[in-house]
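Descriptive structure summary
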Amino acid sequence: VHLVESGGGLVQPGGSLRLSCAASGFTFNSYPMRWYRQTPGKERELVAFITSDGRSTNYADSVKGRFTISRDNGQNTVYLQMNSLKLEDTAVYYCSVRIFNTDYWGQGTQVTASS
């Protein structure tokens with residue numbers, strides 16, 4: 001299983017970023033996918049979830065209405081569109097997949113919202 005996140009960077013509050021996670025090594029269209037984030041000294045927080053077929057999504061209350069998770073099963077990629085970014089969205093963002101009760105993670109991508 002290999003997950004590679006990209007798309008992070010520095011953005012002003014109110015701005016937007018789109019994260020991507022390229023997946024390989026497993027049957028991508030058979031598994032739900034998740035985006036998490038983590039800041040130093042805090043536990044990793046689940047941000048968004050999408051079912052294997054992309055028809056159902058779920059979000060943390062802190063990002064509802066601002067973030068959108070989506071996936072392209074033809075490209076084995078999951079996305080996180082982040083709009084109206086806030087200072088408190090600053091974190092390392094990870095994509096994750098759970099296969100047979102084992103969680104797999106990418107290396108993460110840094111998102112910094114700062115003026």
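Residues numbered from 1 in each chain as written. Predicted model: local features only at pLDDT ≥ 70, side-chain atom pairs only at ≥ 80, totals over all residues. Heavy atoms only, no water.

Topic: the pairing of strand β11 (residues 109-113)
- Residues Thr109, Val111 and Ala113 point to one face of β11 and are all buried, whereas Gln110 and Thr112, pointing to the other face, are not buried.
- Pairing of strand β2 (residues 9-11) with β11, which is carried by 3 bridges, proceeds in the parallel orientation. Residue glycine 9 lies in a different strand from β11, and its bridge partner there is valine 111.
- Pairing of strand β9 (residues 91-99) with β11 involves 3 bridges; the strand directions are antiparallel. Residue pairing in the sheet places alanine 91 in a bridge with valine 111 of β11. (Buried < 20%, exposed > 50% of the residue type's maximum accessible area, 1.4 Å probe, protein only. Helix = DSSP H or I, 4+ residues; strand = E, 2+ residues; numbered from the N terminus. Pairing = 2+ DSSP bridges.)

Notes on the state of the cysteines
- Summed over the entire model, instances satisfying the criterion amount to 1 disulfide.
- Note that cysteine 21 is cross-linked by a disulfide to cysteine 95, the S-S spacing being 1.9 Å. Taking the torsion about the S-S bond as the criterion, the cysteine 21 to cysteine 95 disulfide, at about 50°, is right-handed. Of this pair, cysteine 21 sits in strand β3 (residues 17-24) while cysteine 95 sits in strand β9, and the two are 74 residues apart along the sequence.
- You can call cysteine 21 buried: its relative accessible area is 0%.
- Assessed through its relative accessible area of 0%, cysteine 95 is described here as buried. (Disulfide = S-S within 2.5 Å.)

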